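Given next are the chains, with one letter for each unit.
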Amino acid sequence: MGVHFGWTEKPFGSAERTAAEARPRAAFMRCLAERMGLPPGRFVWMDQVHGDRVRRVGGGSAGGILAATDGCVTTQPELVLCIRTADCLPILLFDARGRAVAAVHAGWRGLLAGILGKAVTSICRAARCGPKHIRAVIGPCIHVSCYEVGEEVRRSFAARHGSWTRRFFRKSGTRLKASLPGIAGAQLKTAGIPATHIRPSRHCTACDSSRYFSFRARSDRGRFASFIFISTP
Ligand SMILES: [Zn+2]
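Below: a short report on this structure. (Residues numbered from 1 in each chain as written. Predicted model: local features only at pLDDT ≥ 70, side-chain atom pairs only at ≥ 80, totals over all residues.)

In terms of regular secondary structure, the protein chain is built from 6 helices and 13 strands. Computed over its C-alpha atoms, the radius of gyration of the protein chain comes to 17 Å, within 12% of the 17 Å expected for a compact globule of 233 residues. When its C-alpha atoms are laid out on the principal axes, the protein chain stretches across 55 × 40 × 30 Å. Taking all 233 residues of the protein chain together, the buried fraction comes to 44%. Considering only intrachain contacts with a sequence separation of at least 6, the fraction spanning at least 24 residues in the protein chain is 66%. (Helix = DSSP H or I, 4+ residues; strand = E, 2+ residues; numbered from the N terminus. Rg over C-alpha atoms; globule rule 2.2 N^0.38 Å. Buried ≥ 20, exposed ≤ 12 C-beta atoms within 10 Å, placed from the backbone. Contact = placed C-beta atoms within 7 Å.)

The next subject is the sheet that holds strand β7 (residues 89–95). Spatial strand order, β3-β5-β8-β7-β9-β12: 6 strands in an open sheet with mixed pairing. The open sheet has two free edges, formed respectively by β3 (54–56) and β12 (198–199), since each of these has just one partner strand. The pairing of β3 with strand β5 (residues 71–74) spans 3 bridges and is classified as parallel. Opposite Arg55, over in β5, you have Cys72 as the bridge partner. (Pairing = 2+ DSSP bridges.)

Okay, the pairing of strand β2 (residues 43–46) next. When a strand is regular, its side chains alternate between the sheet's two faces. Covered by surrounding structure in β2 are Phe43 and Trp45 together with Val44 and Met46, the residues of both alternating faces. Pairing analysis gives 2 bridges linking β2 to strand β6 (residues 80–85), with the strands arranged parallel. Looking at the pairing, Val44 lines up with Leu81 of β6.

Let us look at the nonpolar core. Leu81, Leu93 and Ala102 are the most contacted members of the largest nonpolar core, which totals 67 residues. In terms of residue count, helix α3 (residues 115–127) provides more of this core than any other element does, 7 residues in total. Among residues more than four places away in sequence, those in contact with Leu81 are Val44, Cys72, Thr74, Val101, Ala102, Ala103, Phe227, Ile228 and Phe229. (Core = buried A, V, L, I, M, F, W, Y, C linked by C-beta atoms within 7 Å.)

On to the environment of Ile228, then. For Ile228, the location among the structural elements is in strand β13 (residues 224–231). With 127 residues separating them in the primary sequence, Ile228 and Val101 have C-alpha atoms 6.8 Å apart. Setting aside chain neighbours within four positions, we find Ile228 in contact with Val3, Phe5, Leu81, Leu92, Phe94, Val101 and Ala103.

All right, on to α3 then. Over its 13 residues, α3 runs 18 Å from end to end, which matches the ideal 18 Å to within 8%, given 1.5 Å per residue. All buried positions along α3 are accounted for by Ile115, Leu116, Ala119, Val120, Ser122, Ile123, Cys124 and Ala127. Of the residues flanking the end of α3, it is Arg128, one or two places downstream, whose phi is positive at about 50°. (Expected span 1.5 Å × (residues − 1).)

In structure tokens:
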């Protein structure tokens with residue numbers, strides 16, 4: 001068994017649901033499934049409401065959309081956990097033995113609500129291991145240089161955990177900026193994942209908006225997909 005994860009790039013199309021369709025675009029799913037060598041009916045999508053709900057899912061969730069959920073965990077092979085983003089953070093977790101995988105969508109609200117800590121607890125329970133055996137990947141998302149926030153966001157984080165305010169920056173005469181991937185990395189470490197097991201986000205969606213959908217840089221309505229699954233031999 002192995003773990004496979006990744007994300008789509010803009011030319012591949014958008015994973016966003018449209019008003020006319022109850023599910024993510026069928027053509028997008030067919031293409032993605034073809035690349036993976038899996039049927040599109042093995043995908044699990046989430047409603048993504050910027051909350052902190054993490055659900056454990058099994059084969060019965062295949063082909064569905066989880067209501068009011070931002071994180072999911074499974075031990076079921078070939079069940080593809082998917083996230084749709086355009087600037088928010090796609091965070092993928094797996095244990096070293098490939099027993100369990102997790103997909104988490106988080107913007108500042110989800111991080112503030114503590115969804116990552118819940119996701120780590122949930123995947124540890126599913127994989128029956130401690131957090132030091134978990135690996136985390138933060139996919140393309142908006143980076144600090146492009147992410148301006150209001151003072152109220154910093155205040156909200158300060159009220160919850162003082163040290164997270166170190167991830168907010170302001171040069172004189174400029175707007176306040178926040179590093180969401182920095183906060184996510186700090187939270188994953190707080191949850192017990194070793195720093196060497198956390199792969200930071202390499203691409204800023206706003207800087208690289210020809211490659212990734214970016215709501216802030218281009219007001220994109222589309223979303224790219226990040227995914228993770230356990231493969232069978
Ligand atoms: Zn940028």
